[in-house]
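These are the residues of each chain, in order.
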Amino acid sequence: MNPPTPLHRSLEQELLAVLRGASLECPVCGEFVLHEGAVVRCPECSMQLHGRIEGAAGAGVQSGLQAG
Ligand SMILES: [Zn+2]
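Residues numbered from 1 in each chain as written. Predicted model: local features only at pLDDT ≥ 70, side-chain atom pairs only at ≥ 80, totals over all residues. Heavy atoms only, no water.

### Points about the overall build of the protein
Logical step 1: Counting its secondary structure elements, the protein contains 2 helices and 3 strands.
Logical step 2: In sequence order, the secondary structure elements of the protein are arranged as α-β-β-β-α.
Logical step 3: When the 68 residues of the protein are sorted by exposure, 21% land in the buried category.
Logical step 4: For the protein, the exposed surface amounts to about 5000 Å²; the carbon and sulfur share of it is 50%. (Helix = DSSP H or I, 4+ residues; strand = E, 2+ residues; numbered from the N terminus. Buried < 20%, exposed > 50% of the residue type's maximum accessible area, 1.4 Å probe, protein only. Areas by Shrake-Rupley, 256 points an atom, 1.4 Å probe, with all protein chains shown as cover.)

### Observations regarding the coordination of the zinc ion
Logical step 1: Every protein donor of the zinc ion is accounted for by C26 (SG), C29 (SG), C42 (SG) and C45 (SG), and the metal-donor separations fall at 2.3 Å.
Logical step 2: Here the zinc ion binds 4 donor atoms, and the angle range of 103 to 119° at the metal identifies the geometry as tetrahedral.
Logical step 3: Site description for the zinc ion: donor spacing in sequence, C-x2-C-x12-C-x2-C.
Logical step 4: Accessibility expressed as a relative area gives 1% for C42, which makes it buried. (Donors = N, O, S within 2.8 Å, 3.2 Å for Na, K, Ca; no water. Tetrahedral: all angles 85-135°; square planar, octahedral: opposite > 155°, others 65-115°.)

### So, the confidence of the model for the protein
Logical step 1: Model confidence for the protein is summarised by a mean pLDDT of 77, while 63% of its residues fall at 70 or above.
Logical step 2: The lowest-confidence element of the protein is helix α2 (residues 59-62), averaging 49 in pLDDT; the highest-confidence one is strand β2 (residues 39-41), averaging 92.
Logical step 3: Confidence drops under a pLDDT of 50 for residues 55-60, and excluding neighbours within four residues, the segment shows 3 contacts in the predicted structure. (pLDDT = per-residue confidence, 0-100. Contact = heavy atoms within 4.5 Å.)

### Thoughts on the environment of E36
Logical step 1: Position of E36 relative to the elements: it lies in strand β1 (residues 34-36).
Logical step 2: When the C-alpha atoms of E36 and H50 are compared, they prove to be 9.7 Å apart, with 14 residues separating the residues in sequence.

### Re the environment of R41
Logical step 1: For R41, the location among the structural elements is in strand β2.
Logical step 2: The partly exposed category is assigned to R41, whose relative accessible area is 27%.
Logical step 3: Residues R41 and C26, spaced 15 residues apart in sequence, show a C-alpha to C-alpha distance of 8.2 Å.

Encoded structure:
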């Protein structure tokens with residue numbers, strides 16, 4: 001019985017951890033991210049996170065992660 005936990009779920013939790021400062025590694029490439037006010041960005045892969053996804057499904061986060 002595998003739990004219904006697709007990659008998306010764990011990725012979202014990774015993003016939340018980064019936004020909260022609990023994690024400093026880019027969930028995309030693993031490099032250290034930079035905190036610039038409410039924005040967290042990765043200088044390596046240009047990923048950007050906006051720190052306003054409290055309690056939400058993180059719809060705004062996904063759009064920044066389509067680098068594939
Ligand atoms: Zn990155």
